[in-house]
Amino acid sequence: MNLPHATTGPRRRGRSSTQEPPFVKWILIAIAGLFAAVFLLAPLINVFAQAFSGGAAGCWKTLTDKDTVSAIKLTLLVAAISVPLNVLFGVAAAWAIAKFDFRGKAVLLTFIDLPFSVSPVVAGLMMVLLCGANGLLGPWLLAHGLEIIFAAPGMVLATMFVTFPFVARELIPIMEDQGREQEEAALTLGASGWQTFWHVSLPSVKWGLFYGVILCNARAMGEYGAVFLLSSRIPGKTDTLPLLVMQLLQSMNPAAPFAVAALLALLALVTLGIKTYLEWKSRGEQAPV
Amino acid sequence: MRREQPISTKSNPLPGFGITLGFTVLYLSVLVLIPIAVLSLKALSLSWPDLWHLATNARALAAYRLSLGASFLAALLNAAFGSLLAWVLVRYRFPGRRLLDGLVDFPFALPTAVAGLTLANLFSGNGWLGRVLVTMGIQGAYSRLGVVLALTFVGLPFSVRTLQPLLENLDKAVEEAAAILGAGRLRTFWSVIAPALLPAVLTGFGLAFARGLGEYGSVVFISGNLSNTEIAPSLVVAHFENGDYAGAIGVALVLMVFSFVLLFTLNWLQGWSSKFQRP
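Residues numbered from 1 in each chain as written. Chains lettered and ligands numbered in written order. Predicted model: local features only at pLDDT ≥ 70, side-chain atom pairs only at ≥ 80, totals over all residues.

Undergrad: Just checking my understanding: could you explain the overall build of chain A for this structure?
TA: Scanning chain A from N- to C-terminus turns up 14 helices and 0 strands. Seen in sequence order, chain A has helices and strands lined up from the N terminus as α-α-α-α-α-α-α-α-α-α-α-α-α-α. At 25 Å, chain A has a C-alpha radius of gyration far larger than the 19 Å of a compact globule built from 289 residues. Projected onto its principal axes, the C-alpha coordinates of chain A cover approximately 85 × 60 × 35 Å. Counting every position in chain A, which comprises 289 residues, the buried fraction comes to 44%. A separation of at least 24 residues holds for 75% of the contacts in chain A among residues at least 6 apart in sequence. (Helix = DSSP H or I, 4+ residues; strand = E, 2+ residues; numbered from the N terminus. Rg over C-alpha atoms; globule rule 2.2 N^0.38 Å. Buried ≥ 20, exposed ≤ 12 C-beta atoms within 10 Å, placed from the backbone. Contact = placed C-beta atoms within 7 Å.)

Undergrad: Sorry if this is basic, but what is going on with the nonpolar core here?
TA: Soluble globular proteins tend to bury their nonpolar side chains together. Counting 167 residues, the largest nonpolar core has Leu125(A), Ala261(A), Val236(B) and Ala252(B) as its most contacted members. When residues in this core are grouped by element, the largest group, 15 residues, is from helix H3 (residues 66-99) of chain A. Sequence-distant contacts of Leu125(A), defined by excluding residues within four places in its chain, comprise Leu229(A), Val236(B), Phe240(B), Ala248(B) and Ala252(B). (Core = buried A, V, L, I, M, F, W, Y, C linked by C-beta atoms within 7 Å.)

Undergrad: I tried to follow the interface of chain B and chain A on my own but got confused; where do I start?
TA: You'll often see interface size given as the accessible area lost when the parts meet. Between chain B and chain A, the contact holds 77 residues from the first and 81 residues from the second. Here the side of chain B that touches chain A takes 15 residues from helix H1 (residues 17-44) of chain B, the largest share from any one element. Considering only residue class, the side of chain B that touches chain A consists of 53 nonpolar, 16 polar and 8 charged. (Nonpolar A, V, L, I, M, F, W, Y, C, P; charged D, E, K, R; others polar.)

Undergrad: What am I meant to see in unusual backbone geometry here?
TA: Most peptide bonds take the trans configuration, and most residues that are not glycine carry a negative phi. Residues and elements named next belong to chain B. Backbone geometry places Tyr142, a non-glycine residue, at a positive phi of 55 degrees. Assignment of secondary structure puts Tyr142 in the loop between helix H7 (130-135) and helix H8 (144-169). Of note, the phi angle at Asn225 is positive, near 55 degrees, even though the residue is not glycine. Mapped onto the fold, Asn225 is located in the loop between helix H11 (217-222) and helix H12 (232-241). Exposure remark for Asn225: the 11 C-beta atoms within 10 Å place this residue in the exposed category.

Undergrad: What is the right way to look at the environment of Phe48(A) in this model?
TA: Mapped onto the elements of the fold, Phe48(A) is located in helix H1 (residues 22-51). In this structure the C-alpha to C-alpha distance between Phe48(A) and Ala255(A), which are 207 residues apart in sequence, comes to 9.9 Å.

Undergrad: Please explain H12(B) as it appears in this structure.
TA: The α-helix winds at 3.6 residues per turn, so residues separated by three or four positions along the chain end up facing the same way. Burial of H12(B) is extensive: 8 of the 10 residues sit out of reach of the surface. Listed in full, the buried residues belonging to H12(B) are Ala232(B), Pro233(B), Ser234(B), Leu235(B), Val236(B), Val237(B), His239(B) and Phe240(B). If you follow the buried residues of H12(B), they end up packed against helix H5 (120-131) and helix H12 (225-230) of chain A together with helix H3 (58-91), helix H10 (185-214), H11 and helix H13 (245-274) of chain B. Note on H12(B): the residue one or two positions beyond its end, Gly243(B), has a positive phi of about 75 degrees.

Undergrad: Mind showing me how you'd approach the confidence of the model for chain A here?
TA: The predicted coordinates ought not to be read in detail in places where the model reports low pLDDT. Residues and elements named next belong to chain A. Looking at chain A as a whole, its pLDDT mean stands at 88, while 92% of the residues score no less than 70. Mean pLDDT per element in chain A: helix H6 (residues 138-143) is the minimum at 82, and H3 is the maximum at 95. Scored below 50 in pLDDT, residues 1-13 makes 15 contacts in the model with residues more than four places away or belonging to other chains. (pLDDT = per-residue confidence, 0-100.)

Undergrad: Would you mind going over the packing of H3(B) against H8(B) with me for this structure?
TA: Geometrically, a packed helix pair is captured by the angle between its two axes and the distance between the axes. Residues and elements named next belong to chain B. Between H3 and H8, whose axes approach to 6 Å, the crossing angle comes to 40 degrees. When the axes of H3 and H8 are compared, the pair comes out oblique. Relative to H8, H3 is oriented so that their crossing is right-handed. Considering only residue class, the contact of H3 with H8 consists of 20 nonpolar, 8 polar and 2 charged. (Axes fitted to C-alpha atoms, helices over the stretch in contact; angles between N-to-C directions. Parallel < 35°, antiparallel > 145°, perpendicular 65-115°, else oblique. Left-handed = near helix turned anticlockwise from the far one by under 90°.)

Undergrad: Mind showing me how you'd approach the packing of H12(B) against H13(B) here?
TA: Residue and element names in this part refer to chain B. With their axes 8 Å apart at the nearest point, H12 and H13 run at an angle of 160 degrees to one another. Compared by their axis directions, H12 and H13 come out roughly antiparallel. Both H12 and H13 take part in a crossing whose hand is left-handed. Contacts from Ala232, Leu235, Val236, His239 and Phe240 in H12 reach Gly247, Ala248, Val251, Ala252 and Leu255 in H13. Residue composition of the contact of H12 with H13, grouped by class: 8 nonpolar, 2 polar and no charged.

Undergrad: Looking at this model, I keep getting lost on H3(B). Mind explaining?
TA: Between its terminal C-alpha atoms H3(B) stretches 48 Å, which fits the 50 Å expected from 34 residues at 1.5 Å a residue. At Ala79(B), H3(B) shows its largest bend, some 25 degrees. (Expected span 1.5 Å × (residues − 1). Bend = angle between axes of the 7 residues up to and from the residue.)

Undergrad: How do you make sense of the confidence of the model for chain B when you look at a structure like this?
TA: All names here are of chain B. Residues at a pLDDT of 70 or more form 95% of chain B, whose mean pLDDT is 89. Across chain B, H3 holds the top mean pLDDT of 96, while helix H9 (residues 172-180) sits lowest at 86. This model gives residues 1-5 a pLDDT under 50, and the stretch forms 2 contacts once residues within four places in sequence are excluded. Scoring the predicted complex yields pTM 0.90 and, for the interface, ipTM 0.89.

Structural data, given as structure tokens:
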């Protein structure tokens, strides 16, 4: 019987007992690499290749078209309203859930997770049923001249539903890990509740908070299904960038939807870049512990 | 790790519990509870036979079948290749590893409409990859396969990112012990490593499955709006577009039930897998 590797002192053939033979390792890397190439790299490169297939000038013409500019503005507006509100919710929910113990916490957490499993389309439909002409609030909204459905406010509402868990979900585990000792110390030393939160709790979760915010923002700017139902889909009026991609698909120029798509892909790449930077940053701070 | 000490409200000197919990509950009520209640009320205002017919007619059943089937296949693909990807990223060092690691989150950050657009183009008859499939007699985009491909893309980060931290924290001493006791590498993998990873793989599978079931944005671009590629969310939209709100509500209600069942299953799974993560 062969002696097991671990007991033979110097490593045999340069590998330890907990490593695969090199050929197995490289075969596994090749299969994983191929899978990633087909499902991650090819779609990414394809967006930009198709966008520039009509030349950079054509790409620029699509991006500076008045419908595109209006879609960019609406996308930014939707994100500018929904993201800060979701951050406020995320911080409040994380504070209550991570720092206190109360009955019904598990139920609350389940409801926070709900948007991860509810179809955005169903979310959009619910908002229409709530605020539409025949909906619960519809008659009241109509009487007060408030246009929610098939207009920007409805799109904001639907986006908020889809993206509200991101900040909360990012903060809760971090805050739970940190416990309450630091805050209790600060309070004992005479800090006010607000000071404690601002100078003790918030700085220790800042990277997680940033990460939650950029993730929330990426989803808010890229949401399609929920927003689709609440938009009147009038180009130049209630189109966000993802909706414009669909509109342009029906246009004569095959490169046009890809030009807008490339802009959104760029947003995704920037999001990934910031995320990688944040991970690197937070790891550097945790290292001495 | 969560602190083991009990946290009780009575001896807790931290301020702001009432206002933060109040705001949280208010926010959830406006965005989640009231809309769900309205959907349920609207559904209940229909007669039972009507609702039953709306939710379970042949077209709806075909849509559920495709939604469930395609999400299942996509989650299965991700459980296999996503787990392999996680393993390769954690265990091996090779050129391009960090780039690959960063790319895993790409489907998470990319708007689904863009994903659908580029995948449809990529796997269409004259796309880079579709061209290869055509020579094998397979139609990539605008088919049921296209739906599976889109859902695989969308669910990919879930399986990788669920498994990765577990793999990083896996105690190598156990593997060494297995090796010392004479187990080969393959035997060690199947009897020592795989059982420890199973709960996380299942959780990743469940998350990818749940994501696939609700997905609309990417699928609508690659399914080509054919009658045999209609998933349940597309059917909701189709009814909605025709002004058939009752039809949309019937299908949406079934999707909502799916979501709740999945959510509770996932919560249970995560509780189960966290038992394996104790050091």
